[in-house]
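# Remarks on the overall topology
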Amino acid sequence: MKALCWHGKGDIRCDTVPDPQIEDVRDVIIKVTSCAICGSDLHLMDGQMPTMEAGDVLGHEFMGEVVEVGAGFTKFKKGDRIVVPFNINCGECRQCKLGNYSVCQRSNRNAEMAAAQFGYTTAGLFGYSHITGGYAGGQAEYVRVPMADVAPMLAPEGMDDESLLFLTDILPTGWQGAEHCEIQGGEIIAVWGAGPVGLFAIQSAKVLGAERIIAIDTVPERLALARTYGATDVIDFMNEDVFERIKEISKGEGADAVIDCVGMEASAGHGVASLVNTIQEKLTSTQRPYALMEAIKAVRPCGIVSVPGVYGGPIPVNMGMIVQKGLTMKSGQTHVKRYLEPLTKLIQEGKFDMTSMISHRSTNLADGPELYKTFRDKTDACTKVVFHPN
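Below is a short write-up of the structure. Remember, it's a predicted structure, so these values are computed and weren't measured experimentally.

Let us now look at the overall build of the chain. When its secondary structure is counted, the chain shows 13 helices and 18 strands. For 390 residues, the compact-globule estimate of 2.2 N^0.38 gives 21 Å, and the chain sits close to it at 20 Å. Taking the principal axes of the C-alpha coordinates as reference, the chain spans close to 60 × 45 × 40 Å. Every one of the 390 residues in the chain was classed for burial, and the buried ones make up 58%. Contacts spanning at least 24 positions in sequence make up 71% of the contacts within the chain whose residues lie at least 6 apart. Surface exposure of the chain reaches about 15800 Å², of which carbon and sulfur atoms provide 50%. Here the chain carries 36 positive and 48 negative side-chain charges, and the mean point of each set is 3 Å from the other.

This is the structure we're talking about:
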């Protein structure tokens, strides 16, 4: 079969790889009908995540049709369309029973490797390095889905792929990022990064009742979409002082909560940070937490800092600012299964725009390497890439 594979920093290829096989009675094999490039896939492309190996199949946003099931498997049958969360869940460990699906204690085949890096294991993830289990991802014609009796969801009748695909990751991730802000109604919420996750965080904050939503980015197409999706204010961080603008918007109080949807490869805006960032991008691949640093500064005292953006290792953080301002930080990979049913209902009610952010579509995975570059470089007005390989 054809699949998009990692072969080193900046080297994504469309390879012919072996078809997946059933390995356990809880497995299903799906024919992928839709998959997408996620912003966090770009961290892999840029060599920011450890334990990648040449030939690893990428992709964790995908869905498709069941073509084979394990012996005695009953949750799905051949021909069913299913939505597959990016994290793999056993459904039996303490964390799964608590609903903390992103830290499932049994699904990561390389749990000892993850524990060495993070203290304890995290859940197995599709297509996202060997520290998360080394599972083949979904930017492929077929995928093996382990423990398929727990996390995947049967696609509701009458809903097409593009109405459901982003339930696999970016909609629940944006929703969890907004949910962490404890929105009661009337708050000012600032969102760093108006990429796909940020756009869903903006929509989620609006659904939850935020009064003012500030989107921070520099890409014109993203800022335009942010306004369409509910941002009351947009800030171009390359042309405006973000901190001063947020103070102005909030009448000197600061944002009630802030959401870092950028993660480890942020770019700085004005001043010395911008100069340091330029040098750092040229000389090293060290993680750049500029968005997080700015968010921590801009949130009001006793506010909330929500971090759905991906970080893979140590970063410098101003703990003095966090402690002295009495901030609460909430973060983590998304507990996707927790949100599937309620978010599906909100989609059916028309609360979310699921498709207008998709700028590039392809039915050919061979277009993948070039579309990875287009998405990374934000050229050709690219805001989201979706494949329909079958």
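So, on to the packing of aromatic side chains. For the structure on display, the rule yields 5 aromatic pairs. Members of the aromatic cluster, each reached through a chain of ring pairs, are Phe 166, Trp 175, Phe 200 and Phe 352. Taking the ring centre of Tyr 135 as reference, the NZ or CZ of Arg 109 above it sits at 4.0 Å. Directly above the aromatic system of Phe 243 lies the positively charged group of Lys 297, at a separation of 4.5 Å from the ring centroid.

So, on to helix α8 (residues 242-249). At 3.6 residues per turn, the α-helix brings residues three or four places apart onto the same side. Within α8 the residues assigned to the buried category are Val 242, Arg 245, Ile 246 and Ile 249. Each buried residue of α8 sits inside an arc of 100° when the element is viewed along its axis, so together they form one side. In the core, the buried residues of α8 are packed alongside β11 (188-192), β12 (212-217), β13 (233-236), β14 (255-260) and α10 (290-298). The backbone nitrogen of Phe 243 lies 3.2 Å from a side-chain oxygen of the residue at the head of α8, namely Asp 241. Phi turns positive, to about 55°, at Lys 251, one or two residues after α8.

Below, the discussion takes up the side chain of Asn 87. With respect to the helices and strands, Asn 87 occurs in strand β7 (residues 87-88). Side-chain polar atoms of Asn 87 contact the backbone oxygen of Thr 334, separated by 2.5 Å. Here Asn 87 is in contact with Tyr 101, Ser 102, Ala 123, Gly 124, Leu 125, Ala 151, Thr 334 and Val 336, once residues within four sequence places are set aside.

Here is what the cut-offs are and how they apply
Residues numbered from 1 in each chain as written. Predicted model: local features only at pLDDT ≥ 70, side-chain atom pairs only at ≥ 80, totals over all residues. Heavy atoms only, no water. Helix = DSSP H or I, 4+ residues; strand = E, 2+ residues; numbered from the N terminus. Rg over C-alpha atoms; globule rule 2.2 N^0.38 Å. Buried < 20%, exposed > 50% of the residue type's maximum accessible area, 1.4 Å probe, protein only. Contact = heavy atoms within 4.5 Å. Areas by Shrake-Rupley, 256 points an atom, 1.4 Å probe, with all protein chains shown as cover. Lys, Arg positive; Asp, Glu negative; His and termini not counted. Charge placed at Lys NZ, Arg CZ, Asp CG, Glu CD. Phe/Tyr/Trp six-rings, centres within 6.5 Å; stacked < 30°, edge-to-face > 60°. Lys NZ or Arg CZ within 6 Å of the ring centre and 35° of its normal. Arc of directions from axis to C-beta. Polar contact = N/O pair within 3.5 Å; in protein donor to acceptor, adjacent residues only side chain to side chain.

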